[in-house]
2 protein chains.
Amino acid sequence: MRIAVLGTGMVGRAIAARTAELGHEVVVGTRDVAATQAGDWGEWAAGHSGVTLAGHAAATAEADLVVNATSGDGSLPALNAAGAENLAGKVLLDIANPLDFSKGFPPTLSVVNDDSLAERIQRAFPRTRVVKALNTLTADLMTHPRQLADGDHSVFVSGDDAEAKKVVVDLLTSFGHTDVIDLGDITTARGTEMLLPIWLRLYGRLGTPLFNVKVVR
Amino acid sequence: MRIAVLGTGMVGRAIAARTAELGHEVVVGTRDVAATQAGDWGEWAAGHSGVTLAGHAAATAEADLVVNATSGDGSLPALNAAGAENLAGKVLLDIANPLDFSKGFPPTLSVVNDDSLAERIQRAFPRTRVVKALNTLTADLMTHPRQLADGDHSVFVSGDDAEAKKVVVDLLTSFGHTDVIDLGDITTARGTEMLLPIWLRLYGRLGTPLFNVKVVR
């Protein structure tokens, strides 16, 4: 597939590297190509020659699958920059969490309880097929789950479009995930976004982000 | 120990039955003893002869450990009825979740994000040692965890008082729990209360409440 990964941070780079490794054609989208190149992008890109860099709109225009790997408050601006027309009809894998660190630690969620970031994105781009997934674990485990308990832990998908969820489930399976639970429609993303507070506390308690939940049943 | 279990619903009965079975002296507290007896209490109590029934205040007065097994919106009224003096200095195991079903399914949380029911209770009763625990799984698994994967799943404790948390951890261990994770102070209860939205969706998806999360690390 042609995959556009919006966001140049830890999550964006992990998804870009893994999908390129698996043979996909990957473009990373950024707000400002020159500013990204002026940072440590060049060093990272040197080790990932299959990945190219472009503006959000150019990256999205030719993609089959778009990945939202921006920060929570950067998501709608990045998707607006990508453009509703470029996003129309496409599967959007939304990994972002609406964390608000403005009042210090622990952060709160800027959307919560009777709404979610995923729903906001779906409402803002009604022609795009939004699937929430992978927002409940650290980047390195999103992309290489087998390193923990040989992959014996769970991830979730939420979305209104069954076919779009299948595309995402197949991608997650190709990463090595063995227990992908379909929670239901896009409103079920409230539940996975609301996992962040306990995730952050567990991170502090365990001293490593290399953990995940397994739904034992 | 002498244990007061406030609440006559599914959770209260499960905790009362299990603690009585383990040899504790158990009194269940209710708002209205006559009304409770007029319901199906008699039938239940006939099978649990070690458990007695009393008003919230009488149940709490002689207890070493108090368990809040009321509904979320019933918690502060029940604890006020139990009385601040009766609760002073005692360990309060808080199992309640602040679920609000008034707008239908899925319910929202009436306290969330930058506060929690556990913190509200701790603020309302500053001389009581509140420990949040067991609010993340179904009653039957709270009390008999070994029936699922031989107990290979996780529960959490949150609270400001280390000694009070030890009392609760010991109780949970006596129930059969093998992985009790101390998340930290009482504010960490936000994280476990915010697990409820995904718990409810998983319940719907799996078709049984007999599941739990395990923190794989």
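Here, the structure is the one placed above.
The rules behind each value
- Residues numbered from 1 in each chain as written.
- Chains lettered and ligands numbered in written order.
- Predicted model: local features only at pLDDT ≥ 70, side-chain atom pairs only at ≥ 80, totals over all residues.
- Heavy atoms only, no water.
- Contact = heavy atoms within 4.5 Å.
- Buried area = accessible area lost by both parts, 1.4 Å probe.
- Salt bridge = Lys/Arg side-chain N within 4 Å of Asp/Glu carboxyl O.
- Polar contact = N/O pair within 3.5 Å; in protein donor to acceptor, adjacent residues only side chain to side chain.
- Helix = DSSP H or I, 4+ residues; strand = E, 2+ residues; numbered from the N terminus.
- Nonpolar A, V, L, I, M, F, W, Y, C, P; charged D, E, K, R; others polar.
- Pairing = 2+ DSSP bridges.
- Axes fitted to C-alpha atoms, helices over the stretch in contact; angles between N-to-C directions.

Draft legend 1. Representation of the interface of chain B and chain A. Across the contact, 37 residues belong to chain B and 37 residues belong to chain A. Where chain B abuts chain A, roughly 2900 Å² becomes buried across the two surfaces, and 69% of that area is made up of carbon and sulfur atoms. Contact with chain A buries area across many residues of chain B, yet Ile198, Arg201 and Val216 of chain B alone supply 21% of it, more than any other trio. The tally of links from chain B across to chain A stands at zero salt bridges. Our count for the chain B to chain A interface comes out at nine residue pairs in polar contact (both at pLDDT 80 or more). Elements with a minimum of two residues in the side of chain B that touches chain A: strand S7 (108–109), strand S10 (179–184), helix H10 (189–193), helix H11 (196–206) and strand S11 (212–216) of chain B. The element that contributes the greatest number of residues to the side of chain B that touches chain A is H11 of chain B, accounting for six residues. Along the lines of polarity and charge, the residues of the side of chain B that touches chain A split into 19 nonpolar, nine polar and nine charged. Relative to S11 of chain B, strand S11 (residues 212–216) of chain A runs antiparallel, the two being bridged by five bridges.

Draft legend 2. Summary view of the sheet that holds strand S3 (residues 51–55) of chain A. Residue and element names in this part refer to chain A. Taken in spatial order, the eight strands of this open sheet run S3-S2-S1-S4-S5-S8-S9-S10, and their pairing is mixed. Because the sheet does not close on itself, it has two edges, and the strands there are S3 and strand S10 (179–184). The sheet shows a mean angle of 25° between the axes of neighbouring strands, taken without regard to direction. Direction of pairing for strand S2 (residues 25–30) relative to S3: parallel, over a ladder of five bridges. Counterpart to Val28 in the pairing with S3 is Leu53. The sheet contacts of helix H7 (residues 117–124) involve strand S4 (65–68), strand S5 (91–94) and strand S8 (129–133), and relative to S8 the element is tilted by about 170°.

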